[in-house]
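# Coordinate analysis (summary)
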Amino acid sequence: MSYKLFLSHSSKDEKVVNAFVSFMYKIGLIEKDIVCSSVPETKIAIGNDIYAYLNQLISDENIYAIYFLSDNYYASPVCLNEMGAVWLRKADSLSILLPGFDFNDVQGVVERNKVGIKLGTCDNMTKAAFNEFLKILNDKFGIHPNQTHWEKC
């Protein structure tokens, strides 16, 4: 069963998301594995209706969604629609909280008590969370990155 990594984010947070995609490439994912509107290789192709494409992606594909949560995310109706669509599909997902955003700020259909990853710290808890995320990527995408790429802070 093949998966697509769907990165739901605000375009105002594209620098962080672009760095995340670059890292995903470095650990073994390829362009066809990722859907991210802010990265040229993984964006929705010209001529496609954005909402029809996302609807088909969320409805037909096995997706693993990552929400890059921030104040910008919650200010975007498109992001909130993506969150709701993924939630309705009951697709697997992970929340990554961007610097300046806290678990207490989480709203909507993403449960505040669901464990996610908060960027901006490099402690043992964050490393453990990323190692769990790596196991998910291994299971869903069959990648086995070099540990030296993975645990650098």
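Residues numbered from 1 in each chain as written. Predicted model: local features only at pLDDT ≥ 70, side-chain atom pairs only at ≥ 80, totals over all residues. Heavy atoms only, no water.

## Describing the overall build of the chain
A tally of helices and strands in the chain yields six helices and five strands. Across the chain, helices and strands are ordered from the amino to the carboxyl terminus as β-α-β-α-β-α-α-β-β-α-α. In terms of overall dimensions, the chain has a C-alpha envelope of 40 × 35 × 25 Å along the principal axes. Within the chain, the proportion of its 153 residues that are buried is 42%. (Helix = DSSP H or I, 4+ residues; strand = E, 2+ residues; numbered from the N terminus. Buried < 20%, exposed > 50% of the residue type's maximum accessible area, 1.4 Å probe, protein only.)

## Focus: the side chain of K140
Note that K140 resides in helix 5 (residues 124-141). Judged by its relative accessible area of 17%, K140 is buried. Side chain to side chain, K140 and D92 meet in a polar contact 2.8 Å long. (Polar contact = N/O pair within 3.5 Å; in protein donor to acceptor, adjacent residues only side chain to side chain.)

## Concerning the side chain of S95
On the secondary structure map, S95 appears in strand 4 (residues 92-97). Aside from chain neighbours lying at most four places away, what touches S95 is Y67, L69, V110, G116 and I117. (Contact = heavy atoms within 4.5 Å.)

## Re the packing of helix 2 (residues 50-60) against helix 4 (residues 77-89)
Helix 4 packs onto helix 2 with a crossing angle of 25° between their chain directions and a minimal axis gap of 10 Å. Taken together, the axes of helix 2 and helix 4 lie roughly parallel to each other. Judged by the twist between their axes, the crossing of helix 2 over helix 4 is right-handed. Mapping the contact onto sequence places Y51, L54, I58 and S59 in helix 2 and V78, E82, A85, V86 and R89 in helix 4. Across the contact of helix 2 with helix 4, the residue classes tally to six nonpolar, one polar and two charged. (Axes fitted to C-alpha atoms, helices over the stretch in contact; angles between N-to-C directions. Parallel < 35°, antiparallel > 145°, perpendicular 65-115°, else oblique. Left-handed = near helix turned anticlockwise from the far one by under 90°. Nonpolar A, V, L, I, M, F, W, Y, C, P; charged D, E, K, R; others polar.)

## Considerations on a nonpolar patch on the surface
On the surface, a nonpolar cluster with roughly 290 Å² of combined accessible area is contributed by I50, Y51 and V78. By the element assignment, Y51 lies in helix 2. (Patch = residues over 30% accessible without salt bridge, like charges linked within 9 Å, V, L, I, M, F, W, Y side chains within 5 Å. Areas by Shrake-Rupley, 256 points an atom, 1.4 Å probe, with all protein chains shown as cover. Salt bridge = Lys/Arg side-chain N within 4 Å of Asp/Glu carboxyl O.)

## Thoughts on the nonpolar core
In a soluble, globular protein the nonpolar side chains are often hidden away together inside. One finds L5, L7, F20, M24, I66 and F133 to be the most contacted residues of the largest nonpolar core, which totals 25 residues. Put simply, the parts of the chain that give this core at least two residues each are strand 1 (3-8), helix 1 (14-26), strand 3 (62-69), strand 4 and helix 5. Top element by residues in this core is helix 5. It accounts for five residues. Every residue in contact with F20, bar those within four places of it in the chain, is listed here: L5, L7, I66, F68, I96 and F133. Counting 20 residues, the second largest nonpolar core, distinct from the first, contains I44, L57, I58 and L69. (Core = buried A, V, L, I, M, F, W, Y, C linked by side-chain atoms within 4.5 Å.)

## Side note on helix 5
The end-to-end C-alpha separation of helix 5 is 25 Å, in line with the 26 Å expected for 18 residues at 1.5 Å each. Two to three positions downstream of the cap, the backbone nitrogen of M125 sits 3.3 Å from a side-chain oxygen, assigning the N-cap of helix 5 to D123. A positive backbone phi angle near 65° is found at G142, which sits one or two residues after helix 5. (Expected span 1.5 Å × (residues − 1).)

## Looking at helix 4
Residues spaced three or four apart along an α-helix point in a common direction, a consequence of the helix completing one turn every 3.6 residues. Taking 1.5 Å per residue as the helical rise, helix 4 with its 13 residues ought to reach 18 Å, and the 18 Å between its terminal C-alpha atoms agrees with that figure. For helix 4, the set of buried residues is C79, E82, M83, G84 and V86. Next to the buried residues of helix 4 lie strand 1, helix 2, strand 3 and helix 3 (71-74). K90 occupies a position one or two residues after helix 4 and carries a positive phi of about 60°.

## Description of the pattern of salt bridges
One pass over the structure, following the stated rule, counts three salt bridges. Ionic pairing is found between D33 and K32, a salt bridge with its closest N-O pair at 3.6 Å. Note that K140 and D92 form a salt bridge whose closest N and O atoms lie 2.8 Å from each other. Of this pair, K140 sits in helix 5 while D92 sits in strand 4; the two residues are 48 residues apart in sequence, bridging distant segments of the chain.

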